[in-house]
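Descriptive structure summary
Here's the letter readout for the chains.
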Amino acid sequence: MRENLNLSSKIYHYSLLFLVFCFLVLPILATFLYSISTSWGASIMPDGLTLKWYAQLFSDERFLNALGRSLFVCFGAIFLTLFSVFPLVFAVNYYFPRFKNFANFCIIIPFAIPAVVSCVGILQLYSEDLGGTATLLIFTYFTIALPFIYRALDNAILSVKLEELIGSNAMLGGHLLGAIFKLILPQLKKGILVAVFLSFSFLMGEFLYANILAGSAYETLQVYLYNIRGQSGHYSSAIVIVYFALIFIATFLASLIKE
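About the criteria used
Residues numbered from 1 in each chain as written. Predicted model: local features only at pLDDT ≥ 70, side-chain atom pairs only at ≥ 80, totals over all residues. Heavy atoms only, no water. Helix = DSSP H or I, 4+ residues; strand = E, 2+ residues; numbered from the N terminus. Buried < 20%, exposed > 50% of the residue type's maximum accessible area, 1.4 Å probe, protein only. Contact = heavy atoms within 4.5 Å. Areas by Shrake-Rupley, 256 points an atom, 1.4 Å probe, with all protein chains shown as cover. Lys, Arg positive; Asp, Glu negative; His and termini not counted. Charge placed at Lys NZ, Arg CZ, Asp CG, Glu CD. Phe/Tyr/Trp six-rings, centres within 6.5 Å; stacked < 30°, edge-to-face > 60°. Lys NZ or Arg CZ within 6 Å of the ring centre and 35° of its normal. Core = buried A, V, L, I, M, F, W, Y, C linked by side-chain atoms within 4.5 Å. Axes fitted to C-alpha atoms, helices over the stretch in contact; angles between N-to-C directions. Parallel < 35°, antiparallel > 145°, perpendicular 65-115°, else oblique. Left-handed = near helix turned anticlockwise from the far one by under 90°. Nonpolar A, V, L, I, M, F, W, Y, C, P; charged D, E, K, R; others polar. Salt bridge = Lys/Arg side-chain N within 4 Å of Asp/Glu carboxyl O. Expected span 1.5 Å × (residues − 1). Bend = angle between axes of the 7 residues up to and from the residue. Arc of directions from axis to C-beta.

**Describing the overall build of the chain**
Across its full length, the chain holds 13 helices and 0 strands. Listed by position from the N terminus, the elements making up the chain come as α-α-α-α-α-α-α-α-α-α-α-α-α. The principal-axis extent of the C-alpha atoms belonging to the chain is close to 75 × 75 × 35 Å. Here the chain, with 259 residues, has 37% of them falling under the buried criterion. For the chain, restricting intrachain contacts to residue pairs at least 6 apart in sequence, the fraction spanning at least 24 positions comes to 71%. Taken as a whole, the chain presents about 15,500 Å² of accessible surface, with 69% of it coming from carbon and sulfur. Looking at charge distribution, the chain has the averaged site of its 14 positive side-chain charges lying 9 Å from that of its 12 negative ones.

**Considerations on the packing of aromatic side chains**
Applying the stated criterion to the full structure yields 13 aromatic pairs. In this structure an aromatic cluster arises from ring pairing among F86, F90, Y94, Y95, F96 and F99. Sitting over the face of the ring of W53, K52 holds its NZ or CZ atom 4.6 Å from the ring centroid. If you follow R69 out to its NZ or CZ, it ends over the ring of Y218, 5.7 Å from the centre.

**Brief notes about the side chain of S70**
Structurally, the position occupied by S70 is in helix α3 (residues 61-94). When residues no more than four places from it in sequence are discounted, the contact partners of S70 are M204, T220, L221 and Q222.

**Focus on the nonpolar core**
Core analysis: the biggest nonpolar cluster contains 64 residues, and F63 and Y141 have the highest contact counts within it. Setting aside its immediate chain neighbours within four residues, Y141 contacts V73, C74, A77, L203, E206, Y209, A210 and Q222.

**Considering the packing of helix α8 (residues 162-171) against helix α9 (residues 176-187)**
The geometry of α8 relative to α9 is characterised by a closest axis approach of 9 Å and an angle of 135° between their N-to-C directions. As judged from the angle between their axes, α8 and α9 are oblique. Crossing geometry of α8 relative to α9 is assigned as right-handed. In this structure, α8 uses L162, L165, I166 and N169 to contact α9, whose residues at the interface are L176, A179, L183, I184 and Q187. Residues of the contact of α8 with α9, tallied by class, amount to 7 nonpolar, 2 polar and no charged.

**Some details on the environment of L253**
Assignment of secondary structure puts L253 in helix α13 (residues 233-258). Accessibility expressed as a relative area gives 32% for L253, which makes it partly exposed. When the C-alpha positions of L253 and H234 are compared, they lie 29 Å apart, and in sequence the two are 19 residues distant.

**Structural notes on the pattern of salt bridges**
Side chains bearing opposite charge may pair, as long as their charged atoms lie close to each other. Tallying each qualifying case throughout the model produces 3 salt bridges. The partner of K100 in a salt bridge is D154, with the nearest N and O atoms 3.3 Å apart. Of this pair, K100 sits in helix α4 (residues 100-107) while D154 sits in helix α7 (residues 134-158), and the two are 54 residues apart along the sequence. The salt bridge partner of D154 is R151, with a shortest N-O separation of 3.0 Å. With D154 and R151 both in helix α7 and 3 residues apart, this pair spans about one turn of that helix. Connected through salt bridges with shared partners, the residues K100, R151 and D154 form a single ionic network.

**Here's the deal with helix α6 (residues 115-130)**
An α-helical turn contains 3.6 residues, so any two residues separated by three or four positions project in the same direction. Between its first and last C-alpha atoms α6 spans 18 Å; for 16 residues at 1.5 Å apiece the expected length is 22 Å, and the helix comes up short by more than 12%. By the largest-angle criterion, Q124 marks the main kink of α6, which is about 50°. Here α6 has its buried residues at S118, C119 and I122. Buried positions along α6 lie against α7 and α11 (208-214). Looking one or two residues past α6, G132 carries a phi angle of roughly 70°, positive in sign.

**Details of α8**
All buried positions along α8 are accounted for by L162, I166 and N169. Buried residues of α8, seen end-on, are gathered within an arc of 60° and therefore sit on one face of the element. More than 90 degrees from the buried face of α8, the exposed residues found are E163, E164 and M171. Buried residues in α8 make contact with α3, α7 and α9. A positive phi of about 85° marks G173, the residue just after α8.

Below is the structure:
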């Protein structure tokens, strides 16, 4: 009787997982199939298959420039956040642990402010000098990546015995900076990589800030996809698949590093 219940339970759970998998994957498969089809109208399957849309995509200088801008802005914001947040995480965990709750509260403030409200304030302050530039996007993306990177680094540094490492280094005549670069940072490498890939996958999907703050003046991949939405659906589908592939690779690498 118990074996029958276990079998029924397994069937139920695997069936549910299969339905969820189909719900998530089928739209992506349909988009990919449309991106490699010559035409698709009367029948349930495409009339023919072709890679001309991808060839046209990767020969389009405007697309390549938009992709390069997106990568530059994303990685620029991520590295700026890493260099800014690590001293904060280290100081809060080593020197000022009593301020940790306050730091955690401050870090989540960007999520508490609606994006449209943030954009209006940013444009009023910086539109004359930095409007439509990569600099404005990088510093805006900095606030978006801040909670992800802070949390990843904080979780990673909790597994490091800071007081013991720094104390042992001091007993051997080492300096604090030497302990940070030689003992602490190597042990945080996995956490740093997780923070980079997760932040990248999130920032690559961000559209609202890029469109309002920069728009066509600094056309990123998200804005480019929006601007060409009225052109060929096959071409737009190819862009979506490339876009999804970048995010999937970043998320997959982050999950591998976590394990």
